[in-house]
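# Geometric and topological summary
Okay, here's what each chain looks like letter by letter:
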Amino acid sequence: MIKVLNVLTDTNIGGAGRLLVHYLRNFDRSRFEVYVALPEGSLLIPEVEKVGYNVITTKYGKDKTFEAGAVKELCGIIRELKPHIVHSHASLSARVASLLCGTKSRMYTRHCAYDLPESAKRFPKKLFTGAVNNTLSTAIVAVADAAADNLTDTGVDPRKITVIQNGVERLPELSDSEKTALRQSLGIKESETVLIINARLTAVKGHDYLLRAFKGISEAKEDVKLIVLGTGEEEARLKALAKELEISDKVIFTGFVSDVAPYINISNINVNFSWGTETSSLAISEAMTLGVPTVASDFGGNPGMIEEGINGILVPNKDEIALRDALIGLINDPERLKKLGAGARELYEKRFTSAVMTRKLEALYEKEYKDKYERT
């Protein structure tokens, strides 16, 4: 039995936390004994307990990558638990603690990908960053090729990196009557094509480009609506922009929603227009489970998820005209839209289920165990 300790610092439920829950649902418990360390009060605790795992609560390191008190606390947990593998998720404290405790297999997952400053890819910063990561980690999971490129560009040994794209559970499908009721409650007509974006309302997610593109779409096509899921620091500015563009009557800002599935159920096209950070988008995967194709920017991990003409369309990031034209073209071609939707479902089953993701992680755990314990 391989004993694994996962360490997260999140007090809220972000992408890493959602992925962890997907992993936990699918682990082979006959081969893996999995533990989870989370900050006391974390919203993830009941979610982890719901899928049948006990949580080790920590006092230090809440929402912090590194804290000296967290290192000491985690050292105590590791020495008592004696895991074969410590798998950290954005917790530098856990990586340091596992090294200090002599844990042979020290893993972490790189969940983000972004444009690196040139200084990060040159001496001396590259040498320092690479040395730190190569020393602290025996294996690294990158959730997209773009994340792996970030790592190698900053000096990480490529032999340590395994790309495992994010996977999700299938979203529940609403009945036709439920879809109709939700559309009516939102003021959406049955004849209207619905676009949706499911991302935190922050600048790098590209909402402002989408709103300007949607202005042109709404001028060309009368029966369209846009659903903007979520909240964030840009919410007030984006609402003001929609008003300035005179599209407020066609844009629905939902605010925070705990369950995105109903909204995706009534949507025809998913949009991801990130330009600053993106890896293996959960929003794209979740839309695929319901047969909703995506029009996405060519940034970060998006090209690794969108197979042109199969499950969606890629357009240059920050190019609102290209985005507008791609969306109008798809709205005007119902047969192509239907084909991409079917392709999205098929590709999800092949590559993006949580079970596929978990099997790959299990294989990496087993390789780490054999290399570090059975061959020494």
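Everything below is about the structure shown above.
Described in the following lines is the structure provided in the data block. (Residues numbered from 1 in each chain as written. Predicted model: local features only at pLDDT ≥ 70, side-chain atom pairs only at ≥ 80, totals over all residues. Heavy atoms only, no water.)

### Describing unusual backbone geometry
Omega for the bond connecting Phe-123 with Pro-124 falls within 30 degrees of zero, at 5°, which places this linkage in the cis form. Residue position: Pro-124 is located in the loop between β5 (105-110) and α5 (125-136). A positive phi is found at Asp-63, a non-glycine position, where the angle reads about 55°. Mapping Asp-63 onto the fold places it in the loop between β3 (55-58) and α3 (68-81). Backbone geometry at Lys-318 places phi at a positive 70°, although glycine is not the residue there. Assignment of secondary structure puts Lys-318 in the loop between β13 (312-315) and α12 (320-331). (Helix = DSSP H or I, 4+ residues; strand = E, 2+ residues; numbered from the N terminus.)

### Brief notes about the sheet that holds β5
Strand order in the open sheet formed by seven strands is β3-β2-β1-β4-β5-β6-β7, and the pairing between neighbours is parallel. Each edge of the open sheet is held by one strand with a lone partner, namely β3 and β7 (161-163). Neighbour-to-neighbour, the strand axes of the sheet open up by a mean angle of 25°, direction not taken into account. Direction of pairing for strand β6 (residues 139-142) relative to β7: parallel, over a ladder of three bridges. Opposite Ile-140, over in β7, you have Ile-161 as the bridge partner. The sheet contacts of helix α1 (residues 15-26) involve β1 (2-8) and β2 (32-39), and relative to β1 the element is tilted by about 160°. Helix-sheet contacts for helix α6 (residues 145-153) involve β5, β6 and β7, and the interaxial angle to β7 is about 165°. (Pairing = 2+ DSSP bridges. Axes fitted to C-alpha atoms, helices over the stretch in contact; angles between N-to-C directions. Contact = heavy atoms within 4.5 Å.)

### Things to note about the packing of aromatic side chains
For the structure on display, the rule yields six aromatic pairs. Ring geometry for Phe-27 and Phe-32: centres 5.8 Å apart, planes at 50°, overall tilted. For the residue pair Phe-27 and Phe-32, the accessibility class agrees, reading buried in each case. If you follow Arg-95 out to its NZ or CZ, it ends over the ring of Tyr-108, 3.9 Å from the centre. Taking NZ or CZ as reference, Lys-318 lies 4.2 Å from the ring centre of Trp-275, over its face. (Phe/Tyr/Trp six-rings, centres within 6.5 Å; stacked < 30°, edge-to-face > 60°. Buried < 20%, exposed > 50% of the residue type's maximum accessible area, 1.4 Å probe, protein only. Lys NZ or Arg CZ within 6 Å of the ring centre and 35° of its normal.)

### A closer look at the environment of Arg-159
With respect to the helices, strands and loops of the structure, Arg-159 is situated in the loop between α6 and β7. Through-space distance from the C-alpha of Arg-159 to that of Thr-138 is 9.7 Å; in sequence the pair is 21 residues apart. Of the polar contacts made by the side chain of Arg-159, one reaches the side chain of Asp-157; its length is 2.9 Å. (Polar contact = N/O pair within 3.5 Å; in protein donor to acceptor, adjacent residues only side chain to side chain.)

### Some details on the nonpolar core
Generally speaking, soluble globular proteins have nonpolar side chains that are buried together. If you look at the biggest cluster of nonpolar residues, it comprises 40 residues, and the most contacted ones within it are Leu-24, Phe-27, Leu-38, Val-48, Met-107, Leu-361 and Tyr-365. Elements supplying a minimum of two residues to this core: β1, α1, β2, α2 (44-50), β6, α11 (282-289), α13 (334-351) and α14 (354-374). Ranked by residue count, the leading element in this core is α1, at six residues. In this structure, Leu-361 is in contact with Tyr-23, Phe-27, His-87, Met-107, Val-141 and Ile-164, ignoring residues within four places of it in sequence. Counting 34 residues, the second-largest nonpolar core is a separate cluster that includes Ala-199, Leu-211, Phe-214 and Ala-322. (Core = buried A, V, L, I, M, F, W, Y, C linked by side-chain atoms within 4.5 Å.)

### Some points on the pairing of strand β9 (residues 224-229)
The buried count for β9 comes to six of six residues, which makes it a mostly enclosed element. The side-chain alternation of β9 yields two buried faces, one formed by Val-224, Leu-226 and Val-228 and the other by Lys-225, Ile-227 and Leu-229. Bridge count for strand β8 (residues 193-198) against β9 is six bridges, and the pairing is parallel. What sits directly across from Thr-193, in β9, is Val-224. In this view, the connection linking β8 to its parallel neighbour β9 by way of helix α8 (residues 207-220) has right-handed handedness. In this sheet, strand β10 (residues 251-255) lies alongside β9 in parallel orientation, the contact comprising four bridges. What sits directly across from Leu-226, in β10, is Val-251. Regarding topology, helix α9 (residues 235-244) serves as the crossover connection from β9 to the parallel β10, and that connection is right-handed. (Right-handed = clockwise from strand over helix to strand, strands pointing away.)

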